[in-house]
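This is what each chain is made of:
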Amino acid sequence: MKQINHYKILLIISLICLIATIFIGATRGISHAGPFFIGFFGLMSYSVRGFAYLKGLSFTILILAVVTTALYYPQWFTEFRGFELAVLITPLVQIIMFGMGTSMGVKDFVELAKRPKPVIVGVIAQFTIMPLLGYGLV
């Protein structure tokens, strides 16, 4: 008898959660579909690990699950035992930037010297297009 792969079962359950999200969102409003939407991303994150060609997406989908959770339940992400978590934003961004900087090698800087145009375009976009888009969205 053929054994049923638990990754496929979780994939089916995650798709059922997505269908429930769509149905609840259409009938009662998307604000009521939170647990199913979070469940969809959470189960999908784990189930893609069972497929070789999708395995690399697992962490990205997990991030979507956490972001969805933070959007539906922001109170869980603002304070922990009286400690305001917003204080951690600056140090965490600094750690991330330091980690990105230390991962660059001499080859990366040589490549930047050979082709500076993408960096220049990125800097211009960072200080012109992105603020204008932010202003437009607000």
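Here the structure is a predicted model, which means the values were calculated and not measured.

Participant: Describe the side chain of Thr 69, listing the residues and the values that go with them.
Facilitator: Position of Thr 69 relative to the elements: it lies in helix H3 (residues 58–72). In contact with Thr 69, other than residues within four places in its own chain, are Ile 38, Pro 74, Trp 76 and Phe 77.

Participant: I'd like to hear about unusual backbone geometry, residue by residue, with values.
Facilitator: Excluding glycine, residues mostly carry a negative phi; peptide bonds, for their part, are mostly trans. A positive phi angle, near 50 degrees, is found at Arg 81, a position not held by glycine. Secondary-structure assignment places Arg 81 in the loop between strand E1 (79–80) and strand E2 (83–84).

Participant: Describe the packing of aromatic side chains, with residues and values.
Facilitator: Tallied over the entire structure, the rule returns six aromatic pairs. Judged by centre distance (6.4 Å) and plane angle (55 degrees), the rings of Phe 51 and Tyr 53 are tilted. For Tyr 53, a relative accessible area of 68% gives the class exposed. Aromatic rings pair up to connect Phe 37, Phe 40 and Phe 41 into one cluster.

Participant: Describe the nonpolar core, and please don't skip the residues or the numbers.
Facilitator: Cys 17, Phe 40, Phe 41, Met 44, Val 48, Ile 61 and Ala 65 together form the largest nonpolar core, which totals seven residues. Secondary-structure elements contributing two or more residues to this core are helix H2 (34–47) and H3. Contact partners of Phe 41, with chain neighbours within four places excluded, come to Ile 61, Leu 64, Ala 65 and Thr 68.

Participant: Now, about the packing of H2 against H3: what can you tell me, with residues and values included?
Facilitator: In contact at an axis separation of 8 Å, H2 and H3 are set at 165 degrees when each is read in the N-to-C sense. Taken together, H2 and H3 sit at an angle that is classed as roughly antiparallel. As for how H2 packs across H3, the hand of that crossing is left-handed. Every residue of H3 that contacts H2 at Gly 34, Phe 37, Ile 38, Phe 41, Gly 42, Met 44 and Ser 45 is listed here: Ser 58, Ile 61, Leu 62, Leu 64, Ala 65, Thr 68, Thr 69 and Tyr 72.

Participant: Which residues make up the pattern of salt bridges, and what are the values?
Facilitator: This model, assessed by the stated rule, comprises one salt bridge. Here Arg 115 and Glu 111 are joined by a salt bridge, their closest N and O atoms 3.1 Å apart.

Participant: I'd love a proper account of helix H4 (residues 89–102), names of residues and values included.
Facilitator: Between its terminal C-alpha atoms H4 stretches 20 Å, which fits the 20 Å expected from 14 residues at 1.5 Å a residue. A small share of H4 lies buried, amounting to zero of its 14 residues.

The rules behind each value
- Residues numbered from 1 in each chain as written.
- Predicted model: local features only at pLDDT ≥ 70, side-chain atom pairs only at ≥ 80, totals over all residues.
- Heavy atoms only, no water.
- Helix = DSSP H or I, 4+ residues; strand = E, 2+ residues; numbered from the N terminus.
- Contact = heavy atoms within 4.5 Å.
- Phe/Tyr/Trp six-rings, centres within 6.5 Å; stacked < 30°, edge-to-face > 60°.
- Buried < 20%, exposed > 50% of the residue type's maximum accessible area, 1.4 Å probe, protein only.
- Core = buried A, V, L, I, M, F, W, Y, C linked by side-chain atoms within 4.5 Å.
- Axes fitted to C-alpha atoms, helices over the stretch in contact; angles between N-to-C directions.
- Parallel < 35°, antiparallel > 145°, perpendicular 65-115°, else oblique.
- Left-handed = near helix turned anticlockwise from the far one by under 90°.
- Salt bridge = Lys/Arg side-chain N within 4 Å of Asp/Glu carboxyl O.
- Expected span 1.5 Å × (residues − 1).

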